[in-house]
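Descriptive structure summary
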Amino acid sequence: MRNIVVIGGGVIGLSTAVNIQETIPNVQVTVIAEHFEEETTSHVAAGIFCPYSHPGVSQERIRTWIGDSFAHYSKIINSAEAVEAGMLRLSGYFFGRQPYVGEGKDIIYDFRVATAIEKSSFPIRFPYADFFTSVLVECRFYLPFLLKKFKKAGGLIERRRVESLEEFVGKYHMVMNCSGSGACKLVGDQTMYPVRGQIYRVKAPWLKHAVLASFDNPIDAYIIPCKDDVVVGGCRQNNRADLTVDKSDSKIIWDRCTAMEPSLKYAEIISENDGLRPGRKNGVRLETEVMTFPIGSIKVVHNYGHEGSGVLLAWGCAKEATQLAATELVTVMQAKL
């Protein structure tokens, strides 16, 4: 039996853990994290599958990750598990001052230029508008779904903070580092930085289509109908790490989104939430490393730095991370013979 430990309980960590269970035979997987489910950044996100470019990562690699993730979610959506997993098909509109250049537009169900009639049906005026049909993956349902699947397959859970990967030397054959923002301290990655976001959750059951717009930054305003409510956001503030709802941000979000959809003024506000996305200067880090400590060495597959693309890339990155782990486990087990 090979022992693998996954560090991180968000959508990246749990996707990786489940993928390993489904792919690698004779393996015991343990997930260790300080936070799970509603305590994670993943839980705050609306989870719309929205392809966009990722500097620092090759186009081919990004397309593979997006394609594998979309195929995975589509399979669930077309099954009886869709409700429990918090997934549904969702259509909507993008508005921007520049043409939308997100990588992977051709992978989702539909992406086309909006017609003149569609553009004129909204009170906001942007030079460019597109219509799309994609998937919504609500992590407040999807994370418990993954956790249930993981435990059912024999996975183990430990809720605690990991101070150093050295503690796993001699105890596990492989470490999957899905620590997100924690990678800065855990492996000394100084290219990590926080990207603060903030949203409302409101009751507006009459809204059936998503509306997203780029006012100052890529997709910095959005209205996303979910299963039980509507997410209204947002902001993307680099290197801001405070976790307190900022009323000045609240006003900007509300003003922009009610300009896009005036009926929101009649919505009942349920809550305001914020969170920190795990930004990384050079984009996602997905690679193998042998880490050496005074008591010995251990092989690590790093899988972190996804910023706001956790849902978009989770299963695709988990699949590649699992492939790396499978390859490295062969050499680890051969060395023990």
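**A look at the overall build of the chain**
Within the chain, the regular secondary structure consists of nine helices and 15 strands. Whereas a compact globule of 337 residues would reach a radius of gyration of roughly 20 Å, the chain reaches 20 Å, a difference of no more than 12%. In the chain, buried positions account for 56% of the 337 residues. Sequence-distant contacts, at least 24 apart, represent 78% of the contacts inside the chain between residues at least 6 apart. For the chain, the exposed area adds up to about 15,000 Å²; of that, 53% sits on carbon and sulfur atoms. Across the chain, the centroid of the 38 positively charged side chains sits 2 Å from that of the 37 negatively charged ones.

**Examining the packing of aromatic side chains**
Per the stated rule, a full pass over the model turns up 16 aromatic pairs. Here the aromatic rings of Tyr73 and Tyr142 are separated by 5.9 Å at their centres, their planes lie at 80 degrees, and the arrangement is edge-to-face. Placement of Tyr73 in helix H3 (residues 59-77) and of Tyr142 in helix H6 (residues 139-152) is noted, with a sequence separation of 69 residues between them. In this structure Tyr73 comes out as buried when scored by relative accessible area, which is 0%. Since its relative accessible area comes to 0%, Tyr142 is described here as buried.

**Considerations on the state of the cysteines**
A full pass over the atoms with the stated rule returns zero disulfides. No disulfide involves Cys139; its sulfur sits 11 Å from the nearest other cysteine sulfur, which is in Cys226. Cys317 provides the cysteine sulfur closest to Cys178, a residue in no disulfide bond, and the two sulfurs are 9.4 Å apart. Residue class for Cys178 comes out buried when judged on its relative accessible area of 6%.

**Concerning the nonpolar core**
Counting residues in hydrophobic clusters, the biggest one holds 67 residues, and the most contacted among them are Ile48, Tyr73, Tyr142, Met176 and Ile224. Counting residues per element, this core draws most heavily on helix H9 (residues 310-336), which supplies nine residues. With sequence-adjacent residues up to four places away left out, Ile48 is seen in contact with Leu90, Phe132, Val135, Leu136, Ala210, Leu212 and Ile224. Phe95, Phe131, Val211 and Phe215 belong to the second-largest nonpolar core, a separate cluster that totals 25 residues.

**Topic: the sheet that holds strand S1 (residues 2-7)**
Pairing within the open sheet is mixed, and its six strands lie in the order S6-S2-S1-S7-S15-S14. Two strands in the sheet have a free side with no partner beyond their single neighbour: strand S6 (156-159) and strand S14 (285-293). Averaged over all pairs of adjacent strands, the angle between strand axes in this sheet comes to 20 degrees, irrespective of strand direction. Bridging between S1 and strand S2 (residues 27-33) involves six bridges; their strand directions are parallel. For Ile4, the partnering residue across the bridge sits in S2 and is Val29. On the sheet, helix H1 (residues 11-23) packs against S1, S2, strand S7 (174-177) and strand S15 (296-304) and is oriented at approximately 170 degrees with respect to S2.

**What about unusual backbone geometry?**
Following Gly233, the chain continues to Gly234 via a peptide bond in cis, the omega torsion being 5 degrees. With respect to the secondary-structure elements, Gly234 resides in the loop between strand S11 (230-233) and strand S12 (237-238). For Asn26, which is not a glycine, the phi torsion comes out positive at approximately 55 degrees. With respect to the element layout, Asn26 can be found in the loop between H1 and S2.

**Structural notes on the side chain of Asp274**
Inspection of the secondary structure assignment puts Asp274 in strand S13 (residues 268-280). On the basis of relative accessibility, which here comes to 14%, the residue Asp274 falls in the buried class. For Asp274, the side chain forms a polar contact with the main-chain nitrogen of Thr244, separated by 3.0 Å. In contact with Asp274, other than residues within four places in its own chain, are Val44, Arg196, Gly197, Gln198, Asp242, Leu243, Thr244 and Val245.

**Thoughts on H6**
Under the 1.5 Å per step criterion, the end-to-end length of H6 is 19 Å for 14 residues, consistent within 8% with the ideal 20 Å. For H6, the set of buried residues is Cys139, Phe141, Tyr142, Leu143, Phe145, Leu146, Leu147 and Phe150. Residue Gly154 follows H6 closely and has a positive phi angle near 95 degrees.

Reading guide: rules and limits
- Residues numbered from 1 in each chain as written.
- Predicted model: local features only at pLDDT ≥ 70, side-chain atom pairs only at ≥ 80, totals over all residues.
- Heavy atoms only, no water.
- Helix = DSSP H or I, 4+ residues; strand = E, 2+ residues; numbered from the N terminus.
- Rg over C-alpha atoms; globule rule 2.2 N^0.38 Å.
- Buried < 20%, exposed > 50% of the residue type's maximum accessible area, 1.4 Å probe, protein only.
- Contact = heavy atoms within 4.5 Å.
- Areas by Shrake-Rupley, 256 points an atom, 1.4 Å probe, with all protein chains shown as cover.
- Lys, Arg positive; Asp, Glu negative; His and termini not counted.
- Charge placed at Lys NZ, Arg CZ, Asp CG, Glu CD.
- Phe/Tyr/Trp six-rings, centres within 6.5 Å; stacked < 30°, edge-to-face > 60°.
- Disulfide = S-S within 2.5 Å.
- Core = buried A, V, L, I, M, F, W, Y, C linked by side-chain atoms within 4.5 Å.
- Pairing = 2+ DSSP bridges.
- Axes fitted to C-alpha atoms, helices over the stretch in contact; angles between N-to-C directions.
- Polar contact = N/O pair within 3.5 Å; in protein donor to acceptor, adjacent residues only side chain to side chain.
- Expected span 1.5 Å × (residues − 1).

Worth remembering: the numbers are spatial, not functional.
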